[in-house]
Amino acid sequence: YRLEAIGNVVISSGKQTGYGERAVYDLDEAVAVLLGTTALPRLETGTETITARDSLEYWDKRQIAVARGNAEAKKDDRTIRADILIARFEDDAEGSLVAKRIDAVGNVFITTPEDAARGDEGIYNVDSEIATLQGNVRITRGENQLNGYQAELNLKTGISKLLAGSSGSRQRVKALFNPKTVDK
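Each residue is numbered by its place in its chain's sequence as written, counting from 1. Totals for whole chains, interfaces and linings use every residue, but because this is a predicted model, local features are given only for residues with pLDDT of at least 70 and side-chain atom pairs only at 80 or more, for both listing and counting. Working from all heavy atoms in the structure, the side-chain values ignore hydrogens and water.

Visitor: Honestly, the confidence of the model for the protein in this entry has me stumped. Any pointers?
Guide: Low-confidence regions, as indicated by low pLDDT, have predicted coordinates that should not be scrutinised in detail. Looking at any residue, its pLDDT shows the predictor's confidence there, from 0 to 100. Scored by pLDDT, the protein has a mean of 89; 95% of the residues are at 70 or more. Helix numbers and strand numbers start at the N terminus; a helix is a DSSP run of H or I with at least 4 residues, a strand a run of E with at least 2. Confidence, expressed as mean pLDDT per element, reaches its minimum in the protein at strand S14 (residues 174-176) with 76 and its maximum at strand S10 (residues 115-125) with 95.

Visitor: Can you help me understand the environment of Thr-38 in this one?
Guide: Note that Thr-38 resides in the loop between strand S3 (31-35) and strand S4 (42-44). Relative accessible area serves as the criterion here: at 74%, Thr-38 is assigned to the exposed category. Considered as a pair, Thr-38 and Arg-53 are 15 residues apart in the sequence and their alpha carbons are 9.3 Å apart. Each residue's exposure class comes from its accessible area (1.4 Å probe, protein chains only) as a fraction of the maximum for that residue type: buried when under 20%, exposed when over 50%, partly exposed otherwise.

Visitor: When you look at the environment of Asp-26 in this model, what are you seeing that I'm missing?
Guide: If you trace the backbone, Asp-26 turns up in strand S2 (residues 17-26). Taking the relative accessible area as the measure of exposure, Asp-26 reaches 29% and is therefore partly exposed. In this structure, the C-alpha to C-alpha distance between Asp-26 and Leu-163, residues 137 residues apart in sequence, is 44 Å. For Asp-26, the contacting residues outside a window of four places in its chain are Tyr-1 and Val-31. A distance of 2.9 Å separates a polar atom in the side chain of Asp-26 from the backbone nitrogen of Glu-29. Note on definitions: a residue-residue contact is assigned when non-hydrogen atoms from the two residues lie within 4.5 Å. Residues adjacent in sequence count toward polar contacts only when both atoms are side-chain atoms; beyond that, a polar contact is any pair of N or O atoms within 3.5 Å, and within protein one must be able to donate a hydrogen and the other to accept it.

Visitor: Would you take a moment to explain the nonpolar core for this structure?
Guide: Burial of nonpolar side chains together is a common tendency in soluble globular proteins. Throughout, nonpolar core names a set of buried Ala, Val, Leu, Ile, Met, Phe, Trp, Tyr and Cys residues whose side chains join them through atoms within 4.5 Å. Ile-50, Leu-85 and Phe-89 are the most contacted members of the largest nonpolar core, which totals 34 residues. Tallying contributions element by element places strand S9 (residues 97-111) first for this core, with six residues. If we skip the residues at most four places from it in the chain, Phe-89 touches Leu-43, Thr-45, Glu-48, Ile-50, Tyr-58, Gln-63, Ala-65, Leu-97, Val-98, Ala-99 and Lys-100.

Visitor: Even after reading the chapter, I still don't get the packing of aromatic side chains, so can you show me in this structure?
Guide: Centre distance within 6.5 Å is the pairing criterion for rings of Phe, Tyr and Trp, where only the six-membered ring of Trp is used; planes under 30 degrees apart are then read as stacked, over 60 as edge-to-face, and the remainder as tilted. One pass over the full model with this rule turns up one aromatic pair. The cationic tip of Arg-42 hangs over the ring face of Tyr-19; the distance from NZ or CZ to the ring centre is 4.0 Å. In this scheme, Lys NZ or Arg CZ marks a charge over a ring once it lies within 6 Å of the ring centre and within 35 degrees of the ring normal.

Visitor: When you look at the pairing of S2 in this model, what are you seeing that I'm missing?
Guide: On any regular strand, side chains alternate: one points to one face of the sheet, the next to the other face. Only strands joined by at least two bridges in the DSSP assignment are considered to pair. Bridge count for strand S1 (residues 2-12) against S2 is nine bridges, and the pairing is antiparallel. If you follow Ile-6 over to S2, its bridge partner there is Arg-22. The turn linking S1 back onto S2 is made up of four residues, and Gly-14 within it adopts a positive phi angle of 95°. Pairing analysis gives five bridges linking S2 to S3, with the strands arranged antiparallel. Counterpart to Ala-23 in the pairing with S3 is Leu-34.

In structure tokens, the structure reads:
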């Protein structure tokens, strides 16, 4: 009912591969927990890579990965970091496992080649490439910065919407623009 592995652990199902220094696999629940101290636990699906400092769980029946402690999800040139990441997967047309939604909790940080955005929590819809951040949001592009309570970032177009908090929160939208000077 339970398997434990110690030292250079690799768990593969054909659709994804997990790596860790130690692992526990619950056969009844089909849950793998990967752990590591010198090498971070990681899950690779072919399109995404998820790593975590503390633990990385993969729930096979639910197709959910939970990364805890300085968690990071990478796809192409985009990265999402948070204290906890919860990635929901589905099979695509070719039968490969792909992330559809990633929930981020605590110290969320999203980077693209052009932008960096921070917030307290967030949701990233992989198909639409839209991330929603909430709580102490800060978006930085070059030397320009926007601050607010909630933001919707379209990572495909690079267009972001920033919103103030509710009237009781008194959190306004603030912007700092540093226009580049051009010599004539």
